[in-house]
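Remarks on the overall topology
Each chain, written out:
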Amino acid sequence: KAGVTQTPRYLIKTRGQQVTLSCSPISGHRSVSWYQQTPGQGLQFLFEYFSETQRNKGNFPGRFSGRQFSNSRSEMNVSTLELGDSALYLCASSASGTGPSEGYTFGSGTRLTVV
Amino acid sequence: SQQGEEDPQALSIQEGENATMNCSYKTSINNLQWYRQNSGRGLVHLILIRSNEREKHSGRLRVTLDTSKKSSSLLITASRAADTASYFCATVPIYNQGGKLIFGQGTELSVKP
């Protein structure tokens with residue numbers, strides 16, 4: 001079966017712009033989480049959606065937002081980009097409805113560079 | 001920081017040797033997972049151990065969990081050059097509201113042919 005698909009793979013944006021990243025989970029998976037990975041802070045949890053509802057949110061400013069559609073596809077948006085937003089953004093899907101009792105399946109990520 | 005710690009930060013070994021990575025965490029957990037990441041790409045799930053388990057095996061991987069010490073170790077036996085990657089432990093907190101993994105800082109493993 002198809003894995004988790006993230007688009008685009010690479011993105012270059014200018015400070016102040018906004019960006020939207022997309023994630024298509026494994027078919028049948030209803031939980032989608034987003035993570036930011038940087039050399040300095042490592043892997044940090046952004047938010048998680050289950051059945052179109054945000055269930056959990058990490059410690060990121062309100063410039064970071066997301067949503068999930070009825071087909072479980074998810075998007076995350078970052079507004080007013082800052083240089084520090086340059087990172088690898090990873091999406092992960094899970095079948096579990098109450099938090100992962102199995103491992104997550106991650107996408108290959110979107111590499112965002114803010115200049 | 002909520003993140004756990006891994007040690008060593010980097011490990012270099014020869015093919016055929018065993019590699020051991022350690023992870024410590026801070027909160028009570030539901031389970032602990034190990035992931036591999038090749039060259040800044042996506043994470044690949046390796047193995048999951050539940051809080052009521054002490055040891056688990058999967059192929060050349062052996063994971064142990066000591067909840068009293070809030071620590072875990074990952075052993076890769078008979079390593080291969082293809083095992084070269086970064087390895088992360090990730091915990092699911094017992095209070096988890098949904099979908100949150102707390103990652104360690106990772107161990108960079110280099111296996112030389």
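Provided above is the structure to which this section pertains.
Read on for an overview of the structure. All of these numbers come straight from a predicted model, not from anything done at the bench. (Residues numbered from 1 in each chain as written. Chains lettered and ligands numbered in written order. Predicted model: local features only at pLDDT ≥ 70, side-chain atom pairs only at ≥ 80, totals over all residues. Heavy atoms only, no water.)

Let us now look at the interface of chain A and chain B. Listed per partner, the contact involves 24 residues of chain A and 22 residues of chain B. Interface area for chain A against chain B, summed over the two sides, is near 1800 Å², with a carbon-plus-sulfur share of 48%. Counting the contacts that link chain A with chain B gives zero salt bridges. The interface formed by chain A and chain B contains three residue pairs in polar contact (both at pLDDT 80 or more). (Contact = heavy atoms within 4.5 Å. Buried area = accessible area lost by both parts, 1.4 Å probe. Salt bridge = Lys/Arg side-chain N within 4 Å of Asp/Glu carboxyl O. Polar contact = N/O pair within 3.5 Å; in protein donor to acceptor, adjacent residues only side chain to side chain.)

Residue and element names in this part refer to chain B. Judged by pairing direction, the sheet is antiparallel, and its five strands sit side by side in the order β1-β3-β8-β7-β6 without closing on themselves. The open sheet has two edge strands with one neighbour each: β1 (5-7) and β6 (55-58). Sheet twist, expressed as the mean angle between neighbouring strand axes with direction ignored, is 15°. As paired strands, β6 and strand β7 (residues 61-66) are joined by four bridges and run antiparallel to one another. Looking at the pairing, serine 58 lines up with leucine 61 of β7. (Pairing = 2+ DSSP bridges. Helix = DSSP H or I, 4+ residues; strand = E, 2+ residues; numbered from the N terminus. Axes fitted to C-alpha atoms, helices over the stretch in contact; angles between N-to-C directions.)

Before going further, it helps to examine unusual backbone geometry. Following threonine 7 of chain A, the chain continues into proline 8 of chain A via a peptide bond in cis, with omega recorded as -10°. Relative to the helices and strands, proline 8 of chain A is located in the loop between β1 (5-7) and β2 (10-13). Note the cis peptide between aspartate 7 of chain B and proline 8 of chain B, where omega equals 0°. Residue placement: proline 8 of chain B occurs in the loop between β1 and β2 (10-14). In the Ramachandran plot, serine 72 of chain A falls in the positive-phi region, its phi being about 75° despite a non-glycine side chain. Residue position: serine 72 of chain A is located in the loop between β7 (64-68) and β8 (74-78). The phi angle at threonine 80 of chain A is positive, at roughly 45°, despite the residue not being glycine. Within the secondary structure, threonine 80 of chain A sits in the loop between β8 and β9 (87-94).

Moving on, we come to the pattern of salt bridges. Residue and element names in this part refer to chain A. Tallied over the entire structure, the rule returns seven salt bridges over all chains. Note that arginine 63 and aspartate 85 form a salt bridge whose closest N and O atoms lie 2.8 Å from each other. You can see arginine 63 sitting in the loop between β6 (53-57) and β7 and its partner aspartate 85 sitting in the loop between β8 and β9, a full 22 residues away along the chain. For the pair shown, arginine 63 and aspartate 85 are each scored as buried. For glutamate 75, the salt bridge identified is with arginine 67, shortest N-O distance 3.3 Å. You can call arginine 67 partly exposed: its relative accessible area is 47%. What emerges from the salt-bridge pattern is a single network uniting Arg63, Glu82 and Asp85. (Buried < 20%, exposed > 50% of the residue type's maximum accessible area, 1.4 Å probe, protein only.)

Geometric descriptors of this kind do not, in isolation, establish any biological role.
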